[in-house]
Structure formats: structure tokens, C-alpha cells
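# Structure assessment
The chain contents come next:
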Amino acid sequence: MLDATVLTQAIVSGILMGAIYSLVSLGLVIIFGVVRIVNFAHGEFLMIGMYATYFLWARAGIDPLIAVFITAPLLFLIGAGIYKSLLRRVAAAPDFSKIFLTVGISLVLQNIALLIFTANYWSVKTSYERMVLSLWGISISYPRLIGFLGAVILSFLISLLLLKTDLGKAMRAVAQNREVAMLMGINPDRVYVIAVGLGAAVAGMTGAIIMPYFYVFPLVGVNFVVTCFAVAITGGLGNIKGTLLCGPIFGIAESLGVLFIGADSGMIVAFLILILVLIFRPSGLLGEGRL
Amino acid sequence: MQISVKSFTHPKGYVPLTFLIFLLILPLFLPTYFLHIAITMLFFAFVSEAWNIIGGYAGQLSLGNAAFFGLGAYGAVLLTHYYNIPPWIGGIVIGGAAAVVLSLITGLVCFRLRSHYFAISTLAIGEVMRLVFLNQRQITFGAEGITIPYKGNSILYLQFLSKAPYYYIALALMLLGMYITWKIGKSRLGHYLVAINQNQDAAEVVGVNSARAKQIALSVSAFLTAVGGTFYAQYIYFIDPDFVFGLGLSIEFALIAIVGGVGTVMGPVIGSFLLRPAMESTNALLGATYMGVHLIVYGGLLIAVVMFKPEGLVGWVGGLYERFLELLPRKEN
């Protein structure tokens, strides 16, 4: 019953999905690494990106892949706005204040979406949605392949931004040592705004590239964010390499779980991996990082 | 606490007593729908009080308490369903024991982790439980959920035709939760927990066995939460994994305590007495036309409290209460 093709297919699907997990987690990790806030509203940033993509397609006929260039700045503004109006005020507060502030933001955003867009599932139609790439008995749908490539390219560009540009260096400097960064003439508050904006923008871009093969509904972010927490923690919170590595691990674990345990329980395997990793390496596979 | 006749001539004595008597006679004149709201207020005060022991006193932000809740609920329902075992045994004893076992596993895995890591790893444990109960359809009926076998009016099976008995059980549970929290707060363990919350390393240096203290707090919290789960199942007559093991429920336990005031006996009570009616009434008034509006209110309140009153509303409500007491007649001695 279980042959090599089925298994390979599951692994390939897992990797395709895993790249998306990596990308969403990357946004989470940028925010955590710089601002030290675990953003429970991150899934809602993704959700807003998906709705924006849907409406750009439905009202203006814009292809989701082009919508990336619109959802990124849109979510950057939303993220930066949320930092400036809310998150900044709890910078010195205990962790539970930070966590539950973002939980509150998440509840509000979810239910505003429910109020405006109803609980219906919406999806976009593209010219390439039915195209399938077949290789050695494994089939990959074009939207998923494009989403995967998009995720890989975006992950690469963002890593490059963090590692090579002055802005990225400033962000990492603030993440590593705020006081010294200030002495070097970096304005940490500005960096915080940019970090939250960038983290949100990454979620917005992900929302656009997955829209061709996902439905959008008000609670779509919840499933993603729980998985991406697990990815970010397993990789080591704030550790970019760990995050990029763990997305595909979780993607594969999920699709093998679906194959062996059942369609609604694929994530059991992924969460068990998280728990095992935490038992043996409490600060994640590659250790906690500061970007 | 000394109780004498004299203490009831002072507002500090007779005001709580009057309030308690008021709570005791409330079901006699409250219409059914409002009685339901009152039950949810008392009930959420209880489960949030249970969260407060680990989340408030010990400062370990558990986001997986729904796992314990679900075990209490499923223990009661499944054992009645399959073996006719009353919920007292199936839910409270067996479900409660299962919750304590899970709390030991959780402690083993999560207590070495701090802060965000702890929160998210407990969240993962809750999610694993939810997915396991979703998956084991042959036993748990999966996503479609399970209804309690109907037994009529029966104390043995904790089923009542009217709401009043549920109300009194919920009231007793809340008072029990408050008493246990108060007791722990005054005990050596309570001081250990507060010390761990403030600075775990410093507490360990002065000889506090932090792992042990946190474990006891989590196990007590788990057991009480499982009792809450049993009550919920018996009251609502229907459970499904997505609700009783859901992240939403875990968040709600914490949220009520935070809005009220973490690490205080009255915090969860105040949080629940403010939030539940606010949520139920916005839902009843606006929920039909504007879906989700009650959760916007909920989230908005949470944001406002965290930003402007991070220590919760307990101080503010306490101040109002003190001023109210000043106005009342008293017999000085």
C-alpha cells in the first residue's frame, strides 16, 4: 500500500509547505529577535495579506503574485502603526503583558474580519491554478510550486537584507545590544518600528503568494501561527538559520503525519518534534539567536 | 482569620456576608437566561482561579490549561458513555488523575524553559491533546463531539433538570478555588512561587526548589481545571475536542485572570464578573446582526487593561470597595 512514490510525494509536498512555514516564521522571528515580543497577532497579519490579495484580484483583476508588491507595504504600515500605537507602550512591561497585548490585537483583528468579510471561505482563480508539473510519478501543482519558489526567493532576500545591508546590521545591532547600538548612533525606536513593520510585511507577502492555493477566512491565521511558533521555537527563537531549516522539517512531519495518522492530525508529529527538541535542547535546535 | 460576632458589626464583616447571602438566594428570583450567565461567571471565575495558581502566583504563563480541562470533560462523558461510571469518579477522580499525570509530563518537559518558551511549549501540549482526541474517532467520536447519556435528575450523575443546582455547584467551586488560592498564597509554597515569579535564579540561590514548587502549583491547577471540565460537560451536555481542548479556552482562562489581576485571590473573580456579562450581553444584543462583535469587545478590553492597568482591575475595584465601606455604618469597639 505504501510505496516509494507515495512517500516521496508526501515529502515533496511537505517541503513545499515547509518553505511557507519558514517564511511566516521568519517574520515572527524578526519581531521577536529585535523587539523581544512573541507576536500572537502574526497570523492575523497573514490573514490581512490574504484578504488584500483577494480583493485586489476580485476588484482589480490583479494577479496574486503582483499583489505581493502591494500587500508588503500595506502590512508594513499596519505593523509599524501597531508598534507605534500599542506595542511601544509595553516595551518595559513584563512578558505576560506583551504576550496578552498581542493576543488582544489578534482577537480584535480576527473579529473585525469576521464582521466585515463574514465567515465565508474565499479563493482566487488564476490561469495557472490547474497546471500540474509531473516528474518521476510525483505531481506538483503550479500554484504550490510558485508559492514555494516565491517563499525561497523572499526568504533569501530577507536574510540578505538582515545580513548585508546597513538597515539589517542596525537591526541586528539593536537586537544584540541596545545600549552599544545607541552609542553607535542607531535610533533603537526607529529600528523597532521598522522591525515590526518588516515582520508584518513578510506575513503580508506570504499571504499574497499562498492565495492561489489557499482559502481565506477570518481564522485562517490561527492554524498558521501555532505551527509557526513551533517552527520558530524549534529552530531557536531569533535564530534565522534555525527558522529556515525547521520550516521544511515541520512541513515534512506534517505531511507524514497526515499520511500515517490521519488528515486532521498531521500536526501531532510536528508538535511532538517540538516537545522532543525542547527536552534535549531547551533553546532550540540551533540555539536562541539575536538575528 | 478570626470570626466573632463583633466582626459582623463592621462593614468589613457584614458586607461580604450580605453579598454571599445574596449569591445564595439569587437563583430564587433570577430568570433562567440570567441564571445561565451567573453560572458562567462563577464557573469561569473558578477555572481562571485555577490558572492563576500557576500563571499568576508562579508567573508561568500556561497556554495549555485546556488540556487539563478537556481530560476532566472527556473523562466524565466517555466513562459514563461506555461504562456508566458516574462523573464524580470518571471526571473528577479519573479525569483529574489523568490531568495530574499530564501536568507531571508537562512539568518535566516545560519547567526548564522560561517565559515565551514555556508559554509556547504548553500551547503545543494542549494542541497535541486536541489532535489526539480529534483523531481517535472510534473512542472519542472525533470532531462531531459527544453528548452526555441522559440520566434525568440525578446527583450521582450530576445531571439536573433545572439550572439552580448547577448554580450552587458553580458557586461552591468558585469559593473552593478562592479558598485554595488564598491558602496557597499564605503558605510557604505561595511565598516560594512569588519568589520564583520575581526572580527564579535568586529564589534558587536562597534554597527554593523551584522545579518542585512549580510542579505542585501546576498539578493543583491541573486537577482543579479538570474538575472545571467535568462541571462544564455536565452542564452543557455536549463536548467536542476543538472547544474543550482549544487554544481559545486556554487563552480565556488566562485573560480573565489578567484583566482581573494576576496573582491575587480576587483577580479572577473580578475578571470573570466583569468580562462574562460584558461578553454575553454584547453577544445577545449585537451578536445576531454583527458576528464576532463580542470578541472585539473582549480583545479591546484586554488591550486596554494590559496597556493602562497591567496589574489588573483588582486595585481599582478594591479602592472603590474600600470607599464604599467607609460610607457604611459601623460599631467601633
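A quick note: this is a predicted structure, and the numbers were derived from the prediction, not measured. Throughout, a residue's number is its position along its own chain's written sequence, starting from 1. The order in which chains are written sets their letters, starting at A; the order in which ligands are written sets their numbers, starting at 1. The model is predicted, so local features are restricted to residues of pLDDT at least 70 and side-chain atom pairs to those at 80 or more, both for listing and for counting; the totals for chains, interfaces and linings are taken over all residues.

## Comments concerning the overall build of chain B
Counting its regular elements, chain B contains 15 helices and two strands. It is over C-alpha atoms that the radius of gyration is taken, and the globule rule equals 2.2 Å times the number of residues to the power 0.38. On C-alpha atoms alone, chain B measures out to a radius of gyration of 20 Å, which is about the 20 Å that the 2.2 N^0.38 rule sets for 333 residues. The principal-axis extent of the C-alpha atoms belonging to chain B is close to 65 × 55 × 45 Å. Any residue whose C-beta has 12 or fewer other C-beta atoms within 10 Å is treated as exposed, any with 20 or more as buried, and any in between as partly exposed, C-beta atoms being built from the backbone. Across the 333 residues in chain B, those meeting the buried criterion constitute 50%. Residue pairs are scored as contacts if the distance between their C-beta atoms, which are placed from the backbone, is within 7 Å. Considering only contacts in chain B between residues 6 or more positions apart, those separated by 24 or more positions represent 75%. Secondary structure elements follow DSSP: runs of H or I of four or more residues count as helices, runs of E of two or more count as strands, with numbering from the N terminus.

## Here's the deal with the overall build of chain A
Regarding its fold elements, chain A presents eleven helices and two strands. Relative to the 2.2 N^0.38 estimate, which gives 19 Å for 291 residues, the radius of gyration of chain A is 19 Å and therefore close to what a compact globule would have. Principal axes of the C-alpha set define a box for chain A whose edges measure 60 × 50 × 35 Å. Across the 291 residues that make up chain A, the buried fraction comes to 57%. Considering only residue pairs separated by 6 or more positions, chain A has 77% of its internal contacts joining residues 24 or more positions apart.

## Focus: unusual backbone geometry
At Arg36(A), a residue that is not glycine, the phi angle is positive and equals roughly 60 degrees. Mapping Arg36(A) onto the fold places it in the loop between helix H1 (4–35) and helix H2 (42–60). Arg36(A) gets classed as partly exposed once you count the C-beta atoms within 10 Å, which come to 17. If you check the backbone angles, Tyr237(B) has positive phi at about 70 degrees while not being a glycine. Relative to the helices and strands, Tyr237(B) is located in the loop between helix H10 (210–236) and strand S2 (238–239).

## Concerning the packing of H2(A) against helix H8 (residues 188–210) of chain A
Residue and element names in this part refer to chain A. Contact pair H2 / H8: the axes reach a minimum separation of 7 Å and the direction vectors enclose 45 degrees. By the angle class used here, H2 and H8 are oblique. As H2 packs across H8, the resulting crossing turns out to be right-handed. Side by side, H2 and H8 meet where His42, Phe45, Leu46, Ile48, Gly49, Met50 and Thr53 of the first sit next to Ala200, Ala203, Gly204, Met205, Thr206, Gly207 and Ala208 of the second. Each residue is assigned to one of three groups, with Ala, Val, Leu, Ile, Met, Phe, Trp, Tyr, Cys and Pro labelled nonpolar, Asp, Glu, Lys and Arg labelled charged, and all others, Gly among them, labelled polar. For the contact of H2 with H8, the per-class residue count stands at eight nonpolar, six polar and no charged. Structural elements are reduced to axes, namely lines fitted to C-alpha atoms, with helices fitted over the stretch in contact, and the angle between N-to-C directions of any two is expressed from 0 to 180 degrees. Should an angle lie under 35 degrees it is considered roughly parallel, over 145 roughly antiparallel, and from 65 to 115 roughly perpendicular; all remaining angles are considered oblique. In this scheme the handedness of a crossing depends on how the near helix is turned from the far one: anticlockwise by less than a right angle means left-handed, clockwise means right-handed.

## A few points about the interface of chain B and chain A
Facing 38 residues of chain B, the contacting portion of chain A comprises 39 residues. Within the side of chain B that touches chain A, the residues separate by chemical class into 29 nonpolar, seven polar and two charged.

## Describing the environment of Pro64(A)
Residue and element names in this part refer to chain A. The topology assignment puts Pro64 in helix H3 (residues 64–85). C-beta crowding within 10 Å serves as the criterion here: with 25 such atoms nearby, Pro64 is assigned to the buried category. Spatially, the C-alpha atoms of Pro64 and Leu86 are 30 Å apart, while their sequence positions differ by 22 residues.

## A word on the packing of helix H11 (residues 267–280) of chain A against helix H5 (residues 115–135) of chain B
Contact pair H11(A) / H5(B): the axes reach a minimum separation of 9 Å and the direction vectors enclose 145 degrees. Remark: the crossing between H11(A) and H5(B) carries left-handed chirality. Contacts from Met267(A), Ile268(A), Phe271(A), Leu272(A), Leu274(A), Ile275(A) and Leu278(A) of H11(A) reach H5(B) at Ser121(B), Ala124(B), Ile125(B), Glu127(B), Val128(B), Leu131(B) and Val132(B). Residues that form the contact of H11(A) with H5(B) fall into these classes: twelve nonpolar, one polar and one charged.

## Examining helix H15 (residues 314–327) of chain B
One less than the number of residues in a helix, times 1.5 Å, gives the span that helix is expected to have. Relative to the 20 Å expected for 14 residues at 1.5 Å per residue, H15(B) spans 20 Å between its end C-alpha atoms, a close match to the ideal helical length. With respect to burial, H15(B) is a largely exposed element, only one of its 14 residues being buried.

## What about the environment of Val297(B)?
All names here are of chain B. Relative to the helices and strands, Val297 resides in helix H14 (residues 293–308). Using a count of 20 C-beta atoms within 10 Å as the deciding quantity, one classes Val297 as buried. For the pair formed by Val297 and Met279, sequence separation is 18 residues and the distance between their alpha carbons is 7.3 Å. Ignoring any residue separated from it by four or fewer positions in sequence, one finds Val297 in contact with Ala278, Met279 and Thr282.

## Some details on H8(A)
An α-helix turns once per 3.6 residues; consequently, residues spaced three or four apart project the same way. Helix length check: H8(A) (23 residues) gives 33 Å between terminal C-alpha atoms against 33 Å at 1.5 Å per residue, within 8%. Across the 23 residues that make up H8(A), a large majority, 21, are buried.

## Some words on the nonpolar core
By convention in this section, buried Ala, Val, Leu, Ile, Met, Phe, Trp, Tyr and Cys residues joined through C-beta atoms within 7 Å make up a nonpolar core. Of all hydrophobic cores here, the largest spans 211 residues; its most connected members are Val34(A), Ala195(A) and Ala170(B). If we skip the residues at most four places from it in the chain, Ala170(B) touches Ile39(B), Leu42(B), Phe43(B), Phe46(B) and Phe231(B).

## Examining the pairing of strand S2 (residues 138–141) of chain A
Remember that side chains alternate between the two faces of the sheet whenever the strand is regular. All names here are of chain A. Note: two strands are recorded as paired if DSSP finds a minimum of 2 bridges between them. Bridge count for strand S1 (residues 132–135) against S2 is four bridges, and the pairing is antiparallel. Looking at the pairing, Leu135 lines up with Ile138 of S2. Linkage of S1 to S2, two consecutive antiparallel strands, is achieved through a turn of two residues, within which Trp136 is found at a positive phi near 45 degrees.

## A short note on the confidence of the model for chain B
On a scale of 0 to 100, pLDDT captures the predictor's confidence in every residue. Mean pLDDT for chain B: 88, with 97% of residues reaching 70 or above. Across the predicted assembly, pTM comes out at 0.89 and ipTM at 0.85.

## So, the environment of Leu286(A)
Residues and elements named next belong to chain A. In this fold, Leu286 is placed in the segment after H11. On a C-alpha basis, the gap between Leu286 and Lys241 in space is 7.8 Å, while along the polypeptide they are 45 residues apart. The contacts of Leu286, once residues within four sequence positions are left out, are Gly235, Gly236, Asn239, Lys241 and Gly242.

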